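# Results of the structural survey
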Amino acid sequence: MNAFSFKNLKFLKSKSTPIKKPKKGNSTAKKEKKLSFCQKLIRNPFLYLVVFAALLSYFISYVPSKSLPLIPAGEIASTDVMAPTDLTIKDKETTKERKKEAEEAVSPVYDFNQNVFLNTEEKIREFFVSGRELIKKKLTEEKINKFKQKTSENYGINIPEQTLKNLIHHQFDSRIEENLINLIGKISEKGIILSKNLFIHGERKKGLTLLQGSEEENTVQVAEILDIKESKTRLTEEIESLDLRSNEKSMLETLSHLFISPNITYNKVQTEARKKQARESVEPVFYTIKKGKIIVRKGDEVTPEEFKQIQMINQNLSLKPSWIKNFVGTFLLFGLLFLTLWYYLKSVLKSSSSLKTYQMMGITLILSLFFYKLSNFLADLLSQYTHSPIFNSIEIYRYAFPLQFGVLLFAFLTGNEIALIYAVINGLLVGYLFKANFFLMIFSLVGGFAAIYGIKYFGRQNRNNTFKAGIFLVAPINAFLIIIFLLVREEMGSLSLFLAGEMVMGLLGGILSAVLAFLFLPIFEQAFSMLTQSKLLELTNSDLPIFRQMAMEAPGSYHHSLAVASLSEKAAEELHLNPILLRAGAMYHDIGKIKRPEYFIENRTRNPDRHKELKPSMSKLVIVNHVKEGLERAKKLKLPRKIRDIIAQHHGSSLIRYFYNKAKEKYGTEVEKQGDETYRYPGPLPQSKEAALIMLADSVEAASRSLKNPSKTNLQRLINEIFNSYLQDGQLDNSGFSFKEIKTIASSFFSSLFLIYHPRTKYPGFDFENHKEKNTPENKSNDRNHKQTK
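First, a word on scope: everything that follows refers to the structure included in this document. Quick caveat, the model's predicted, so the values are computed rather than measured.

### Notes on unusual backbone geometry
With omega at 5°, the peptide bond leading from Gly683 into Pro684 counts as cis. With respect to the secondary-structure elements, Pro684 resides in the loop between α29 (669-674) and α30 (689-704). The backbone of Phe172 sits at a positive phi, close to 50°, despite the residue not being glycine. Among the secondary structure elements, Phe172 is positioned in the loop between α7 (161-169) and α8 (174-188). Exposure remark for Phe172: the relative accessible area of 0% places this residue in the buried category. One non-glycine residue with positive phi stands out, namely Lys638, at about 55°. By the secondary structure assignment, Lys638 is in the loop between α26 (616-636) and α27 (641-649).

Right, dumping it as structure tokens:
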């Protein structure tokens, strides 16, 4: 509202009226010095980091079983020899045989060199070009011999004289050249090897792999490949089918036999590499020995096969990682996780709350791990002794584990933000505990999200809502997740088996989580002083003995507390604070007045003014002591820390103006020289928005009762002056309120007070204000009600 303004504040106080405040830093330092080594150690989060990480690592780490007694073959076993745990043993002989089979199945690799034909084509064309150059000049025997010698040197072929004469006669005809190239190209397409006698790597049985370039390859049989001899025969057949003269056919046959070359060669490097790859691709063959399986019965003779099996079991046990290494690795992992968790909690919560939440999270994780291990043990027993095919696997029972127990606790006791972090850490713990079981980790994580939403949906007003969240949200989500997992893994069986197995366990897991959370909620609330909505509702019950006593012995203070609760609760809703906490704080903030109610004007009716005969300093002590006595009573009632803080801070270090002014009137300049510090509350200043809001509501409500005419203008002026006074005095410095929030509080207070003091129409026939009140000493005393008690 525009009526509320704090523009005229003076942030630099006058030298003439210094306001001394308690030195917060010095008192804190003194307290820290007084702390013993053990107390400092208990408050150190890194101690809990080590303890939590060590305990979790110890319970998770695998302790290897003892080796079996090595009874020589042929001797009689004196006791049953059975497998100490589930063991998966490598079958070396079978693995070796399969590797050999895989190696032998690899086809030999040959390179198909396409450049061979291209080179041959180039030779043929160069040969014919040279021949045409030869016949351009006059032919002599010497030139022909030189041509033959040159051909032999350049192309590695010896042309018969008759073939050369025919070529000269046909003037190295280009038709012959093209026919020759086409014939050789056609035969080379299928692949030519020097001799099939070179196929000594099992090619005739397995075939062979032809590599063409870096990417293309195909498998062919030996019959599809030609050697030089077969290619020449095929060339002769192709030439005979051509429509040429006999001398041309003879010439083509001779030339093609001379120029044909093998284009397939054995690639030993690639073949060996593929054999090696085939060997390595063979997975080791394992066989499983179930825990409790009897290897040798008592009284039986040990056979060589059984002796060998015992050796393999002992060897397998010795190969397992040592307990110490496993423990150290797990400790470092969870230590890093808890270190990250601490710094996160420290960044989002206050120091005291962060340590308490950190402790609670570590203890809950250890407790959850205990339940998981216990559940796993029971599941192992049930799976061994049940005869139903549905329930004879330990995997199915894991859906019934209370995986969301801790998440329900945190969602109810702390809030969604912290519960979400716990759900993630709990999911990681489940995945790690059950050997990287991805589906179970997702099951735990998503079920945890459902638990958080369930508590948010049903609310935190009643502990029974943990039941509702577990039964109506967590259990159905668990069942739905199981359906998803079965579809993803393509393991959806018959509907009857499905409903009887996984679905039942999933539903049971949600219900069991809710039951455990409900049982542990009051324990955690008490152990960690957690202030939940349900606890606050219990504390604000007007039928509690403390309120009935207050209503009887200090009725004015009781009704004042109710009015303060109404003001602060409405303002809290507008500021998005916890209205139930504000209501509880307001109802308890003045319980210290029960001890001496007659010294507070709101509780005086016809009794004389008790302060009349007291010195101002003594009156000040009586007024101040209601805070101390309120704290003592709060400790006896075991009120939560937040409410005790509100009681201690709801006056801050504010000045008790009435008795300070009275002292100045009585003692003059002597009091002014001493300053106003002796007439202030001892503090501390409000350290939270809740405590500051109660301070403002307390003063505004008390002051509003002094108004003879509670009009809009007077109410606005009253709120402005009180707020400005507290701001100028620095009472709200540590509260965390912004000016915008203070304006919101002022507007809320004004709305509430105006509704309380709203005017009504006159009653016909009555004149309530005809007779003015007499100016009696008692009435004068009533005019100072808000000053005297503050």
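### Considering the pattern of salt bridges
Taken as a whole and assessed by the stated rule, the structure comprises 25 salt bridges. Between Arg463 and Glu538 there is a salt bridge, with its nearest N and O atoms 3.5 Å apart. Taken together, the residues span a long stretch of sequence, with Arg463 in the loop between α19 (438-458) and α20 (464-488) and Glu538 in helix α22 (residues 533-539) at a distance of 75 residues. One salt-bridge network, in which partners are shared between bridges, spans Glu121, Arg125, Arg132, Glu177 and Glu178.

### Quick notes on helix α5 (residues 115-136)
For α5, built from 22 residues, the straight-helix expectation of 32 Å at 1.5 Å per residue is met to within 8% by its first-to-last C-alpha distance of 32 Å. Tucked into the core, α5 has its buried residues touching α6 (141-155), α7, α8 and α11 (246-259).

### Considerations on the nonpolar core
Residues Phe338, Tyr358, Phe405, Leu413, Phe443, Phe520 and Phe524 are the most contacted members of the largest nonpolar core, which totals 66 residues. Sorting elements by how many residues they give to this core places helix α15 (residues 351-385) first, with 11 residues. Leaving out residues up to four positions away in the same chain, Phe443 has contacts with Tyr399, Leu403, Gln404, Asn478, Leu481, Ile482 and Phe485. Listed in part, the 53 residues of the second largest apolar core include Leu539, Leu696, Ala697 and Val700.

### Structural notes on helix α14 (residues 323-348)
Residues three or four positions apart in an α-helix share a direction because the helix packs 3.6 residues into each turn. Here α14 is 26 residues long and its end C-alpha atoms lie 37 Å apart, about the 38 Å a rise of 1.5 Å per residue gives. Against α3 (45-60), α15 and α18 (416-433) lie the buried residues of α14.

### Considering the pairing of strand β6 (residues 216-220)
In this structure, strand β5 (residues 208-212) lies alongside β6, joined through five bridges in antiparallel fashion. Among the inter-strand pairings, Gln212 is bridged to a residue of β6, identified as Glu216. Hairpin connection from β5 to β6: three residues lie between these consecutive antiparallel strands, with Gly213 at a positive phi of about 75°.

### Comments concerning the packing of α7 against α11
At their nearest, the axes of α7 and α11 sit 10 Å apart, and the two run at 120° to each other. Considering the angle they form, α7 stands oblique to α11. The crossing of α7 and α11 is left-handed. Each of Thr163, Asn166 and Leu167 in α7 lies in contact with α11, whose residues at this interface are Asn247, Met251, Thr254 and Leu255. Among the residues forming the contact of α7 with α11, the class breakdown is three nonpolar, four polar and no charged.

### Some words on the packing of aromatic side chains
Counted by the stated rule, this structure contains 35 aromatic pairs. Three or more aromatic residues link up through ring pairs in this structure, and these residues are Phe127, Phe128, Phe147, Tyr155, Phe172 and Phe259. A cation sits over an aromatic face here: Lys712 above Phe754, 5.1 Å from the ring centre.

### Things to note about a nonpolar patch on the surface
There is a patch of nonpolar side chains on the surface, built from Phe37, Leu41, Leu47, Val51, Leu55, Tyr58 and Phe59 and spanning about 640 Å² of accessible area. At the level of elements, α2 (37-42) and α3 are the ones that each hand at least two residues to the nonpolar patch. A total of five residues in the nonpolar patch trace back to one element, the largest contributor, which is α3. Judged by its relative accessible area of 39%, Phe59 is partly exposed.

### Side note on the pairing of β5
Regular strands place side chains that alternate from one sheet face to the opposite one. A large share of β5 lies buried, amounting to five of its five residues. The alternating pattern of β5 places Leu208, Leu210 and Gln212 on one face and Thr209 and Leu211 on the opposite face, and all of these are buried. Judged from the three bridges that link them, strand β3 (residues 109-112) and β5 form a sheet pairing that is parallel. Residue Asp111 lies in a different strand from β5, and its bridge partner there is Leu211.

### Some remarks on the sheet that holds β3
The sheet built from four strands is open, its strands ordered β6-β5-β3-β8 with mixed pairing. The open sheet has two edge strands with one neighbour each: β6 and β8 (264-266). Across this sheet, the average inter-strand angle for adjacent strands is 30°, counted without regard to direction.

Rules and cut-offs
- Residues numbered from 1 in each chain as written.
- Predicted model: local features only at pLDDT ≥ 70, side-chain atom pairs only at ≥ 80, totals over all residues.
- Heavy atoms only, no water.
- Helix = DSSP H or I, 4+ residues; strand = E, 2+ residues; numbered from the N terminus.
- Buried < 20%, exposed > 50% of the residue type's maximum accessible area, 1.4 Å probe, protein only.
- Salt bridge = Lys/Arg side-chain N within 4 Å of Asp/Glu carboxyl O.
- Expected span 1.5 Å × (residues − 1).
- Contact = heavy atoms within 4.5 Å.
- Core = buried A, V, L, I, M, F, W, Y, C linked by side-chain atoms within 4.5 Å.
- Pairing = 2+ DSSP bridges.
- Axes fitted to C-alpha atoms, helices over the stretch in contact; angles between N-to-C directions.
- Parallel < 35°, antiparallel > 145°, perpendicular 65-115°, else oblique.
- Left-handed = near helix turned anticlockwise from the far one by under 90°.
- Nonpolar A, V, L, I, M, F, W, Y, C, P; charged D, E, K, R; others polar.
- Phe/Tyr/Trp six-rings, centres within 6.5 Å; stacked < 30°, edge-to-face > 60°.
- Lys NZ or Arg CZ within 6 Å of the ring centre and 35° of its normal.
- Patch = residues over 30% accessible without salt bridge, like charges linked within 9 Å, V, L, I, M, F, W, Y side chains within 5 Å.
- Areas by Shrake-Rupley, 256 points an atom, 1.4 Å probe, with all protein chains shown as cover.

None of the figures reported here should be taken as evidence of function without further support.
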